[in-house]
Amino acid sequence: MNDSDRLRLTAEDIAAQDGRVTAPPVLTIGLADIPDAPPPAGERRHGILITAADIAAFAPAGEDVIGPLEQRAFALVNAARAEQLPRWLNRGPLRWHSALAAVARQHSADMLQRRYVAHVTPDGLNVSGRLERAAISYLACGENIGVVYGPASHGENGLIEVQNAFMSQPRRLANHRGNILNPVWTHVGIGVAYSPEGQLIVTQNFVATLTNPA
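Residues numbered from 1 in each chain as written. Predicted model: local features only at pLDDT ≥ 70, side-chain atom pairs only at ≥ 80, totals over all residues. Heavy atoms only, no water.

**Quick look at the overall build of the protein chain**
Just so we agree on the cut-off: Only DSSP runs of H or I with at least four residues qualify as helices, and only runs of E with at least two residues qualify as strands; both kinds are numbered from the N terminus onward. Burial classes follow relative accessibility: with a 1.4 Å probe on protein chains only, a residue under 20% of its type's maximum area counts as buried, one over 50% as exposed, and anything between as partly exposed. Residue contacts are counted whenever heavy atoms from the two residues lie within 4.5 Å of one another. For accessible areas, the Shrake-Rupley method is used with a probe of radius 1.4 Å. Any residue's cover is judged against the shown protein chains and nothing else.
On a plain count of helices and strands, the protein chain comes out with seven helices and six strands. Starting at the N terminus, the α and β elements of the protein chain follow one another as α-β-β-α-α-β-α-α-β-α-α-β-β. Looking at the 214 residues of the protein chain, the share that counts as buried comes to 50%. Considering only residue pairs separated by 6 or more positions, the protein chain has 75% of its internal contacts joining residues 24 or more positions apart. A total accessible area of about 10,500 Å² is found for the protein chain, and carbon and sulfur atoms account for 53% of it.

Written as structure tokens, this is what we have:
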């Protein structure tokens, strides 16, 4: 990757993020977005290959399944930031925020259970309202939501589909890619919900905070 692929930022861009809530439109990946067959080996971009064994091995979601998926998603976010944030920003990896992750997981589970996909719940609660209800202090916050349907939703493959779709977006701060790479954030919490019928929901909550959560 060369420097032209990195997120381009100015000091004014960073200053403008103070107190801002960023919640790009929900990204949905459906069957039509997944190729019927993997491309030839020389043309594969992400190395994703779903097999019958992958699907059969995936049990209904519980903590033993959801927890590792969330940590894998956390690693993908920090890997993207390490690769693509400008070096001059001198930003380290985002820190895991357990309370933020609990809010993200609850929102993913609520969307799955009540069959909606949105930043705002049917009760009218948005991301800032959810964080305030959980008594999470922050200077600015952001939220990404990605959903995968069908066979590609199973296991880690679904996480990779979502992350690749986020990172394929244009170099702007006001989209999913920009949220992941926003240098203002200090912490992240990620919550996953999974339906064995074929639906994976990933919620990423980001905050900038001066406090050090437990």
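**So, the environment of I136**
On the secondary structure map, I136 appears in the loop between helix 5 (127-133) and strand 4 (140-149). Sequence separation of I136 and A99 is 37 residues, and the distance between their C-alpha atoms is 7.4 Å.

**Description of the environment of R171**
Tracing the chain through its elements places R171 in the loop between helix 6 (156-167) and helix 7 (176-181). What makes R171 partly exposed here is its relative accessible area of 39%. A C-alpha to C-alpha distance of 9.6 Å links R171 and L181, two positions 10 residues apart in sequence.

**A short note on the nonpolar core**
Put simply, the rule is: Each nonpolar core is a collection of buried residues, namely Ala, Val, Leu, Ile, Met, Phe, Trp, Tyr and Cys, held together in the definition by side-chain atoms within 4.5 Å.
L159, I180, W185, I190, V192, V202 and F206 are the most contacted members of the largest nonpolar core, which has 30 residues in total. Secondary structure elements with two or more residues in this core: helix 3 (63-84), strand 4, helix 6, helix 7, strand 5 (187-195) and strand 6 (199-208). Among the elements that line this core, the one with the most residues is helix 3, at seven residues. Excluding its chain neighbours within four sequence positions, the residues that come into contact with I190 are E70, A73, F74, V77, W96, A101, A104, V202, T203 and Q204.

**Some details on the pattern of salt bridges**
Which entries qualify depends on this criterion: One side-chain nitrogen of Lys or Arg within 4 Å of one carboxyl oxygen of Asp or Glu is enough to make a salt bridge.
A complete count under the given rule lists five salt bridges for this structure. Among the salt bridges present, the one from R105 reaches E70, with a minimum N-O distance of 2.7 Å. Placement of R105 in helix 4 (residues 98-114) and of E70 in helix 3 is noted, with a sequence separation of 35 residues between them. Using a relative accessible area of 5% as the deciding quantity, one classes E70 as buried. The shortest N-O distance in the salt bridge between R114 and D123 comes to 2.9 Å. Classification of D123 by relative accessible area gives exposed; the value is 62%. Among the ionic contacts, a cluster of salt bridges with common partners joins D110, R114 and D123.

**Focus: helix 6**
Applied cut-off: Expected span, for any helix, means 1.5 Å times one less than how many residues it has.
Taking 1.5 Å per residue as the helical rise, helix 6 with its 12 residues ought to reach 16 Å, and the 17 Å between its terminal C-alpha atoms agrees with that figure. Burial runs high along helix 6: 10 of the 12 residues are buried. Buried residues of helix 6: N157, G158, L159, I160, E161, V162, Q163, N164, F166 and M167, and no others.

**With respect to the confidence of the model for the protein chain**
Applicable threshold: By definition, pLDDT measures how confident the predictor is in each residue, and it falls between 0 and 100.
Of the residues in the protein chain, 73% reach a pLDDT of 70 or more, and the chain-wide mean stands at 80. Note on residues 34-60: pLDDT under 50 across the span, and 27 contacts to partners over four residues away in sequence or across chains.

**Notes on helix 4**
An α-helical segment advances 3.6 residues per turn. Residues three or four places apart therefore align on the same side. For helix 4, spanning 17 residues, the distance from its first C-alpha to its last is 24 Å, which sits close to the expected 24 Å at 1.5 Å a residue. Buried residues of helix 4: L100, A101, V103, A104, H107, S108, D110, M111 and L112, and no others. Packed against the buried residues of helix 4 are strand 3 (95-96), helix 5, strand 4, strand 5 and strand 6. Looking one or two residues past helix 4, R115 carries a phi angle of roughly 60°, positive in sign.

**Some words on unusual backbone geometry**
Trans peptide bonds make up most of the peptide bonds, and negative phi angles are found at most residues other than glycine. Of note in this structure, R115 is not a glycine but carries a positive phi near 60°. You can see R115 is positioned in the loop between helix 4 and helix 5. Even without glycine at this site, A135 takes up a positive phi of about 60°. You can see A135 is positioned in the loop between helix 5 and strand 4.

**Side note on the packing of aromatic side chains**
Quick reminder of the rule: Stacked, tilted and edge-to-face are the three classes assigned to paired rings of Phe, Tyr and Trp, where Trp is represented by its six-membered ring and a pair needs centres within 6.5 Å; plane angles under 30 degrees give stacked, over 60 edge-to-face, the rest tilted.
Scanning all chains against the criterion turns up two aromatic pairs. When the centroid spacing of 6.0 Å and the interplanar angle of 15° are considered together, the rings of W185 and F206 count as stacked. Here W185 is found in the loop between helix 7 and strand 5, whereas its partner F206 is found in strand 6, with 21 residues between them in sequence. With respect to class, W185 is no different from F206; both count as buried.

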